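Here's the letter readout for the chains.
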Amino acid sequence: MAFNVPVNLRLEIISCCVCGVMFGLAEEFNSSLRETLKLWYCPNGHSQSYLGKSMATQIFELEKKNLALSLERDRAETKAAQKGKQLASFKKRKQEKDKKAGRGRSK
Ligand SMILES: [Zn+2]
């Protein structure tokens, strides 16, 4: 006796890089393979694996880079604020100096 069982399954079509056979992997399983970079096999037994960094590693590295850039930006903003204060102080002293010099000439 046979039964019909409705199944809702999303498959990603993969082609073996060695023999070219096409087959389907469940979407979640394929995602886990991309994430873990584990070895797996085509239906003809050829070993396969995704190369590169896992998504988690890429996210970690990008967050680390983002933090470093934020720190760099904060340091640059602090330095710019300090330079702005120095410039304002310099301008004020120059105005005072010019003012005194102007008074001295008029007498
Ligand atoms: Zn193969």
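Residues numbered from 1 in each chain as written. Predicted model: local features only at pLDDT ≥ 70, side-chain atom pairs only at ≥ 80, totals over all residues.

**Let's talk about the overall build of the chain**
Thinking step 1. When helices and strands are tallied, the chain shows two helices and four strands.
Thinking step 2. The helix and strand sequence of the chain, counted from the amino end, reads β-β-α-β-β-α.
Thinking step 3. Relative to its length of 107 residues, the chain is extended, with a C-alpha radius of gyration of 33 Å against a globular reference of 13 Å.
Thinking step 4. C-alpha atoms of the chain, sized along the principal axes, occupy 120 × 30 × 20 Å.
Thinking step 5. Taking all contacts inside the chain whose residues are at least 6 apart in sequence as the whole, residues at least 24 apart take part in 16%. (Helix = DSSP H or I, 4+ residues; strand = E, 2+ residues; numbered from the N terminus. Rg over C-alpha atoms; globule rule 2.2 N^0.38 Å. Contact = placed C-beta atoms within 7 Å.)

**Side note on the domain arrangement of the chain**
Thinking step 1. According to the domain assignment, the chain consists of domain 1 (11-48) and domain 2 (53-107).
Thinking step 2. Taken over C-alpha atoms, the centre of domain 1 sits 53 Å from the centre of domain 2. (Domains from an automatic or database assignment.)

**Concerning the environment of Leu9**
Thinking step 1. Secondary-structure assignment places Leu9 in the segment before strand 1 (11-15).
Thinking step 2. Between the alpha carbons of Leu9 and Glu28 there is a distance of 9.8 Å; along the sequence they are 19 residues apart.

**Remarks on the pairing of strand 1**
Thinking step 1. Of all five residues that make up strand 1, zero are buried, and the element is exposed over most of its length.
Thinking step 2. Bridge count for strand 1 against strand 2 (residues 22-26) is five bridges, and the pairing is antiparallel. Each bridged residue has a counterpart across the sheet, and for Glu12 the counterpart in strand 2 is Leu25. (Buried ≥ 20, exposed ≤ 12 C-beta atoms within 10 Å, placed from the backbone. Pairing = 2+ DSSP bridges.)

**Regarding the pairing of strand 2**
Thinking step 1. In terms of burial, strand 2 is largely open, as just zero of its five residues are buried.
Thinking step 2. Linking strand 1 back to strand 2 in an antiparallel pair, the connection comprises six residues, with Gly20 at a positive phi of about 85°.

**Section: the environment of Lys99**
Thinking step 1. Turning to its location among the elements, Lys99 is positioned in helix 2 (residues 55-106).
Thinking step 2. Classification of Lys99 as exposed rests on a count of 10 C-beta atoms within 10 Å.
Thinking step 3. The spatial distance from the C-alpha of Lys99 to the C-alpha of Leu69 is 44 Å, given a sequence separation of 30 residues.

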